[in-house]
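Fold and geometry: a report
Spelled out, the chains give:
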Amino acid sequence: ELVVRVTPIAGTIAPYSTAQLTVTFRPAAVAQTKGFKAQPLTAQQQAQLFEYLLQVNMPGGRLLRLPIRGYGLAPHLAASPRVMQFGVVPTYDWADQLLELSNSCQELPMHVEFDRSGPYFSTEPAQVDLPPGASASVLVRYLPKALGRHQATLSFQVVSTKVAGKVLSEAIVQVQGQSLSLGGKQPLLGGTAAIPATFTKSRAYVDEGQATIAGITAGTTRTFKRPALWETEEAIDSLEGIGPMDRFGVTREVQIARKEHSDQYTTFIRTGRTAAAKKYLTEKEGDETDTNLGMKPYRGLSPTRLAQPKQYDPLWTAQQQGTSGPSVQRPPSASALAGIPIYKEWPENDKERAECGRELLPEQLSKVIVGPRQLDFGKVSPALPATQHFVVTNSLGNAIHVVLDTSSLEELSCTSPASQVIPAGATGKFQLSLRCHDVQLLKEKIQYCINGCHMQSIDVVAEVVAVTLELSTEELMFAFSLDNWDDYVEKSLIKENTHNFAVEYEWVLLSQNAVFVATPASGTIKPKSSSSVVVRWTPGNAPPPAAPKAKGGAADAPADATATVGRPGTVKRSGSKNDSKGPQPAASGTAAAADSAKTAAAPAEAATKRDSAVTVSLTAGSGPDAAAVADAAALGCQHTGFMTLKVKGGADVAPKKVMLLGELPAGLLKFKEKEVNLGPVPLHEQQTSVVQLKNYGNAEASFRVRCVWTFKAPL
């Protein structure tokens, strides 16, 4: 259960305006210990002290705090005596006694109301107000209107003055009285001459001790005798027919009813059994047209179904005509290519040497299948090697030796192995690695030889391009929105790789302070894909600007001065008498924009040695709100920086830069009160207080409120 609530929890305040926050304090009761040995808590044990901290969050991570204090007390009403005896009172007569109600709480007043549970007991007055620590006497009257012993529970309830019908505490009093004789009924009062005093009954006080003795004495005398059951007229007539030979000793009417019920039950059972035995006489059998002879068809069997015979058509293929060179095959898929092994480079025994040195006939050479005839690497990066595969399938009955000659193309010098012995009926692959450091269009031929006798050529095509990444924007603007309550602002930037190869990149932040952080700072982007980088601006990481003293002293400085923040952490000022109150709001941001443009045009080497520049105008302040206005102006500044994208293999392309600009809000909020003291409040009762929050800044300010519990202890 929340003890302290604040409304509204969020909002926006216009410049130099005030907002009201309503603080609601509702202290909760102490949890009652459960168990057989548990005892009810006293009012002193339930009293508690609550201390909270009202925390106001503002954009940029700024905080504002206001302490809140309140006491939770349990109202305690004491009644004396707890049991009241009125003795014996005739009907329509009355007896009176006095009851004392005491307010045991020294801090809270009470409003007490009477709630009765019996019709013959009442109090005068029906409600009473008790100041802290005070007591009052209440008249309790017993007026019986029927014979008998009467008792009731009188409840004196401490009710809330703010919520109708809410009971805060109560005191219970037990009352007892007896009316054993009829009294005279009082005549009705009224008439045209009646006044309120005419309807007032006179007081008839009774002594509690004598009333108790009279009640005990009256209880020993019996004034009424109830006749026995067999002495009544109805019982005599019913029991007259019962004799000593009756089996169960019941009346004649009961025996007749039981006999009739037994006969009806026997008839019902016999009728049902006879109908079941003769049921076969009424069942219908199958007639002459019944072909199933009374049986159910199929009996669960399904008819046989004939299946059509399968027909196989021969596959007609055209025989390949003989050629003077190896046959060409399509490039295999990536999964099939991964399963092709790489064999040894040279033959190892005499049989392999003989087979690998034999010249092949044209028919045999056509059974060697190679592919592809043109190795197209596509667009490749100067920084990363590109790979293609040359596949050779040996359909002959003996092994062959294939040698690649890459000496004519220096870019393929990293290819390994350059030769393989491919067994009969096997498929081998050559992995060609292309590495080119210059941007160019490559079209060359390389040779390969089969068994040292048959020379063939392969075309190698590649386009070496400069590595670049496309950015979604060239400028990121950071500002705290009205619904952002964090101490940072994040912006995303998309990098797109339009090439067919992966690109490695790295971000370089040109800023001396860690107000801008990029995540991730480096990585690799897959071909034909994109990735994002998140830039976080945290103004709280920047050090506060220092204020060095002027050489001429504060006394020689003019009333108005200008401060230029060249770097975070340094402030240049001409002396002023009111420098301690902080800077005032600037008229415009022209100086900051001009300095940002100069920084963007400067070389990267010079940009790493400087940071953002902010110009703020200082005006002499006066009055009680001068310090608040100065603080608001000091917070209204900008942070600028640059983020350079470095790409591996993109040395010939100018690096791309992204300008970073973060602007802090210029609003400043302060409480008018220094502390909120809600005072003593009854448990489960609500107490409200209004707090004023003022915006001393020259811009709209948003806020969010949160209550933080700091201390809770019994008094």
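Residues numbered from 1 in each chain as written. Predicted model: local features only at pLDDT ≥ 70, side-chain atom pairs only at ≥ 80, totals over all residues. Heavy atoms only, no water.

The helix and strand inventory of the protein stands at 10 helices and 39 strands. Sorting the 715 residues of the protein into buried and exposed places 36% on the buried side. When contacts within the protein are restricted to residue pairs at least 6 apart in sequence, those whose partners lie at least 24 apart make up 71%. Surface accessibility of the protein: about 43,600 Å² in total, with carbon and sulfur atoms responsible for 53%. (Helix = DSSP H or I, 4+ residues; strand = E, 2+ residues; numbered from the N terminus. Buried < 20%, exposed > 50% of the residue type's maximum accessible area, 1.4 Å probe, protein only. Contact = heavy atoms within 4.5 Å. Areas by Shrake-Rupley, 256 points an atom, 1.4 Å probe, with all protein chains shown as cover.)

Under the criterion given, the structure shown has 9 aromatic pairs. Seen in terms of ring centroids, Phe 478 and Trp 537 are 6.3 Å apart; in terms of plane orientation they differ by 50 degrees. Their pairing is tilted. Taken together, the residues span a long stretch of sequence, with Phe 478 in strand 25 (residues 475-479) and Trp 537 in strand 30 (residues 529-537) at a distance of 59 residues. Comparing Phe 478 with Trp 537, the two get one shared label, buried. One aromatic cluster in this structure is built from Phe 86, Phe 121 and Tyr 142. Taking the ring centre of Trp 94 as reference, the NZ or CZ of Lys 201 above it sits at 5.9 Å. The ring of Tyr 488 has Arg 536 lying over it, and the distance from NZ or CZ to the ring centre is 3.8 Å. (Phe/Tyr/Trp six-rings, centres within 6.5 Å; stacked < 30°, edge-to-face > 60°. Lys NZ or Arg CZ within 6 Å of the ring centre and 35° of its normal.)

Read across the sheet, 4 strands follow the order 24-26-30-28 without closing on themselves; strand pairing throughout is antiparallel. One side of each edge strand has no neighbouring strand; the edge strands of this open sheet are strand 24 (470-471) and strand 28 (516-519). Judged from the 2 bridges that link them, strand 24 and strand 26 (residues 489-497) form a sheet pairing that is antiparallel. When the sheet's bridge partners are listed, Leu 471 is paired in strand 26 with Lys 495. (Pairing = 2+ DSSP bridges.)

The next point concerns the sheet that holds strand 20 (residues 419-422). The strands making up a sheet associate through backbone hydrogen bonding, with each pair oriented either parallel or antiparallel. Ordered by their spatial adjacency, 5 strands build an open sheet running 17-23-22-19-20, and the pairing between neighbours is mixed. If you trace the sheet from one side to the other, it starts and ends with strand 17 (374-380) and strand 20, each paired once. For this sheet the average axis-to-axis angle between neighbouring strands, irrespective of direction, equals 20 degrees. In the sheet, strand 19 (residues 400-405) pairs with strand 22 (residues 440-450) via 4 bridges, with the strands oriented antiparallel. Of the residues in strand 22, the one forming a bridge with Val 402 is Ile 450. (Axes fitted to C-alpha atoms, helices over the stretch in contact; angles between N-to-C directions.)

A separate point is the environment of Val 138. Here Val 138 shows up in strand 12 (residues 135-142). Relative accessible area serves as the criterion here: at 2%, Val 138 is assigned to the buried category. For the pair Val 138 and Gln 127, spaced 11 residues apart in sequence, the C-alpha separation works out to 9.2 Å. Residues contacting Val 138, with those up to four places away along its chain left out, are Gln 97, Leu 98, Leu 99, Leu 101, Thr 123, Glu 124, Pro 125 and Phe 156.

Further remarks concern the pattern of salt bridges. For the structure shown, the criterion picks out 11 salt bridges. The salt bridge involving Lys 259 is made with Asp 263; its shortest N-O contact spans 2.9 Å. Of the two residues, Lys 259 and Asp 263 both sit in helix 4 (residues 252-277), 4 residues apart, roughly one turn of that helix. Taken together, the shared-partner salt bridges connect Asp 96, Glu 124 and Arg 141 into one network. (Salt bridge = Lys/Arg side-chain N within 4 Å of Asp/Glu carboxyl O.)

Counting 30 residues, the largest nonpolar core has Phe 377, Phe 390, Val 392 and Leu 432 as the members making the most contacts within it. If you list the elements that add at least two residues to this core, you get strand 16 (368-371), strand 17, strand 18 (386-394), strand 19, strand 21 (427-434), strand 22 and strand 23 (454-464). Once you skip the residues sitting within four places of it in the chain, Leu 432 turns out to touch Leu 375, Phe 377, Ala 386, Thr 387, Gln 388, Phe 390, Leu 404, Leu 412, Thr 415 and Ile 446. (Core = buried A, V, L, I, M, F, W, Y, C linked by side-chain atoms within 4.5 Å.)

Our focus in this paragraph is a positive patch on the surface. A contiguous patch of positive charge, built from Arg 116, Lys 145, Lys 185 and Lys 201, is present on the exposed surface. Here Lys 201 lies in the loop between strand 14 (167-179) and helix 2 (208-219). For Lys 201, a relative accessible area of 37% gives the class partly exposed. (Patch = residues over 30% accessible without salt bridge, like charges linked within 9 Å, V, L, I, M, F, W, Y side chains within 5 Å. Lys, Arg positive; Asp, Glu negative; His and termini not counted. Charge placed at Lys NZ, Arg CZ, Asp CG, Glu CD.)

Burial of strand 6 (residues 77-80) is one-sided: the residues Leu 77 and Ala 79 facing one way are buried, the residues Ala 78 and Ser 80 facing the other way are not. Two strands pair when backbone bridges link them, and strand 6 and strand 8 (residues 95-103) are joined in this way by 4 bridges, in the antiparallel orientation. When the sheet's bridge partners are listed, Ala 78 is paired in strand 8 with Ser 102.

Looking at the secondary structure, you find Gln 20 in strand 3 (residues 18-25). Looking at Gln 20, the relative accessible area reads 52%, which means it is exposed. Along the backbone, Gln 20 and Val 691 are 671 residues apart, and their C-alpha atoms lie at a distance of 5.6 Å. Setting aside residues up to four positions removed in sequence, Gln 20 forms contacts with Thr 7, Pro 8, Val 690, Val 691 and Gln 692.

Let's shift gears to the state of the cysteines. This structure, assessed with the given rule, holds 0 disulfides. In this model Cys 449 remains outside any disulfide bridge; the closest cysteine sulfur is found in Cys 453, 6.7 Å from its own. (Disulfide = S-S within 2.5 Å.)

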